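So you can see what is in the structure, the chains are spelled out below.
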Amino acid sequence: MKYRMLGKTGLPVSEIGFGGEWLERHEESESIALIKYAHSKGINIIDCWMPDPKSRDIIGQAIAEDRAGWYVQGHIGSTYQNGQYTRTRDVEQCRIAFEDLLARLKTDYIDLGMIHYVDLESDWELVSQPGPYLDYVMELKRQGKIRHVGLSTHNPIIAIKAAESGLVEMILFSVNPAFDLMPPTDNIDNYFADTYAEGLNGIDPVRIRMYKICEQQDIGITCMKPFAGGRLFDAKRSPFGVALTPVQCIHYALTKPGVASVLCGY
């Protein structure tokens, strides 16, 4: 395994990371064994945006024997209400979900405290200005419950604003050769359209600017959606008309400026 510094966090993260989504669909012991196996191969960063108890319990059991050997991305604003995922900026709900995250992961700190899922400019204004939500994030940082502040987004315009704000040290961003063709959007469903607009040719200029700014500002990038939810493995759903391999997708993401780790779905 090779390692890269995650921007100004100074954390040496594995180039291939563990995307934890969909763990709840699988048998618990199998999922725990998979995470441990990944760690034995040098993977040292895992994302836990999922608020459901089963996913969090799986990760907690899997990393318990070597907590210090893992860098955990935990999200502030991803909550579990009435049996389902709910994104919120309500501080009380965020607090309940974050304390639950610490308890289920059997830890007293999260390495990368993520301002969760900011795609709208109005939401960026809310989370980046002094107020209950940002005050809570900074409170967690002062208490040492999060070591570094990050942000997750699928919108390159938001990523640029975050990188230039001085607020965050790293960004979780969706990176793959299909999404990079697309112009900025605040609706992630647009990236998963059945057909792509004609005339798309090369990386969108806003994304090129985003990568450059992140590199210039030393804002490390961890990558989500490297396989476009598996679409790139299917010639019929790939915008390129051919199926790509996991290695091709991982290599693509790792060539982008600022990228430190590709959090693959397993």
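Scroll up to find the structure.
Since the structure is predicted, the reported quantities are computational estimates derived from the model, not experimental observations. Per chain, the residues get numbers from 1 upward, laid out in the order the sequence is written. In keeping with the predicted nature of the model, local features appear solely for residues at pLDDT of at least 70, side-chain atom pairs appear and are counted solely at 80 or more, and the whole-chain, interface and lining totals rest on all residues. Processing note: side-chain calculations cover all non-hydrogen atoms of the structure and skip hydrogens and water entirely.

Engineer: Residues and numbers for the packing of aromatic side chains, please.
Structural biologist: Ring geometry is summarised as follows: Phe, Tyr and Trp rings, the Trp one being its six-membered ring, pair when their centres sit within 6.5 Å, and such pairs are stacked at plane angles under 30 degrees, edge-to-face over 60 and tilted between the two. For the structure on display, the rule yields 5 aromatic pairs. Measuring from ring centre to ring centre gives 5.3 Å for Phe-179 and Phe-192, while their planes differ by 85°; the resulting arrangement is edge-to-face. Taken as a pair, Phe-179 in the loop between strand E10 (170–174) and helix H7 (205–216) and Phe-192 in the loop between E10 and H7 lie far apart in primary sequence, 13 residues in all. When its relative accessible area of 23% is taken as the criterion, Phe-192 is described as partly exposed. Among the aromatic side chains, those forming a connected cluster through ring pairs are Phe-179, Tyr-191 and Phe-192. A cation over a ring is seen here: Arg-147 above Tyr-109, with NZ or CZ 3.8 Å from the ring centre. Our definition puts a charge over a ring when NZ of Lys or CZ of Arg is within 6 Å of the ring centre and also within 35 degrees of the ring normal. A cation over a ring is seen here: Lys-256 above Tyr-252, with NZ or CZ 3.9 Å from the ring centre. Each helix is a run of DSSP H or I of at least 4 residues and each strand a run of E of at least 2, with the numbering of both proceeding from the N terminus. Only protein chains enter the area calculation, which uses a 1.4 Å probe; residues under 20% of their type maximum are buried, those over 50% are exposed, and those in between are partly exposed.

Engineer: I'd like a description of unusual backbone geometry, backed by residues and values.
Structural biologist: Positive phi is not limited to glycine here, since Trp-22 has a value of about 75°. Mapped onto the elements, Trp-22 comes out in the loop between strand E3 (16–19) and helix H1 (28–40). Phi angles above zero are rare outside glycine, and Asp-218 is one such case at about 60°. You can see Asp-218 is positioned in the loop between H7 and strand E11 (220–224).

Engineer: Would you mind going over the layout of surface pockets in detail, with residue names and values included?
Structural biologist: Only protein atoms enter the 1 Å grid used here, on which a cavity is any set of points holding a 1.4 Å probe that cannot leave and a pocket is any open set flanked by protein within 12 Å on both sides along at least five of seven lines; residues with an atom within 4 Å of a point are listed as lining. Grid points are joined across faces, edges and corners, and a volume is the space filled by probe spheres set on the points. Computed from the structure, the largest pocket encloses a volume of approximately 830 Å³. Glu-21, Trp-22, Trp-49, Lys-225 and Gly-265 are, among the 33 residues lining the largest pocket, the residues nearest its centre. All amino acids are sorted into three groups, where Ala, Val, Leu, Ile, Met, Phe, Trp, Tyr, Cys and Pro are nonpolar, Asp, Glu, Lys and Arg are charged, and the leftover types, Gly among them, are polar. Of the residues in the lining of the largest pocket, the class split is 17 nonpolar, 11 polar and 5 charged.

Engineer: With reference to specific residues and values, describe the side chain of Thr-222.
Structural biologist: Mapping Thr-222 onto the fold places it in strand E11. Contacts described as polar in this section are N or O atom pairs within 3.5 Å, which, within protein, must combine one atom able to donate a hydrogen with one able to accept it, while residues neighboring in sequence count only if both atoms come from side chains. A polar atom in the side chain of Thr-222 sits 2.7 Å from the side chain of Gln-73. Ignoring any residue separated from it by four or fewer positions in sequence, one finds Thr-222 in contact with Leu-6, Ile-45, Gln-73, Met-170, Ile-171, Leu-172, Phe-173, Ser-261 and Leu-263. Contacts between residues were defined by any pair of non-hydrogen atoms, one from each residue, lying within 4.5 Å.

Engineer: Could you give me a rundown of the pattern of salt bridges, with the residues and numbers involved?
Structural biologist: For salt bridges, the criterion is a side-chain nitrogen of Lys or Arg within 4 Å of an Asp or Glu carboxyl oxygen. Within this structure, the stated rule accounts for 12 salt bridges. Here Arg-4 ties to Glu-15 by a salt bridge, and the two come within 2.8 Å at their closest N and O atoms. In this pair, Arg-4 is assigned in strand E1 (residues 3–5) and Glu-15 in the loop between strand E2 (12–14) and E3, connecting sequence segments 11 residues apart. You can call Arg-4 partly exposed: its relative accessible area is 26%. Relative accessible area serves as the criterion here: at 15%, Glu-15 is assigned to the buried category. A salt bridge links Arg-95 to Glu-139, with the shortest nitrogen-to-oxygen separation between them at 3.5 Å. Here the residue Arg-95 occupies a position in helix H3 (residues 91–104), and Glu-139 occupies one in helix H5 (residues 132–143), the gap between them amounting to 44 residues. Here Glu-139 falls in the partly exposed class, since its relative accessible area comes to 23%. When salt bridges that share partners are traced, they join Arg-56, Asp-57, Asp-100 and Arg-104 into one network.

Engineer: Help me get a handle on the pairing of E3, residues and values and all.
Structural biologist: Paired strands are those between which DSSP finds at least two bridges. The pairing of E3 with strand E12 (residues 259–265) spans 4 bridges and is parallel. The partner of Gly-19 across the bridge, within E12, is Gly-265. Crossover handedness is defined here as right-handed if the route from the first strand over the helix to the second strand goes clockwise, with the strands pointing away from the viewer. Handedness of the crossover joining E3 and strand E4 (residues 45–48) through H1: right-handed.

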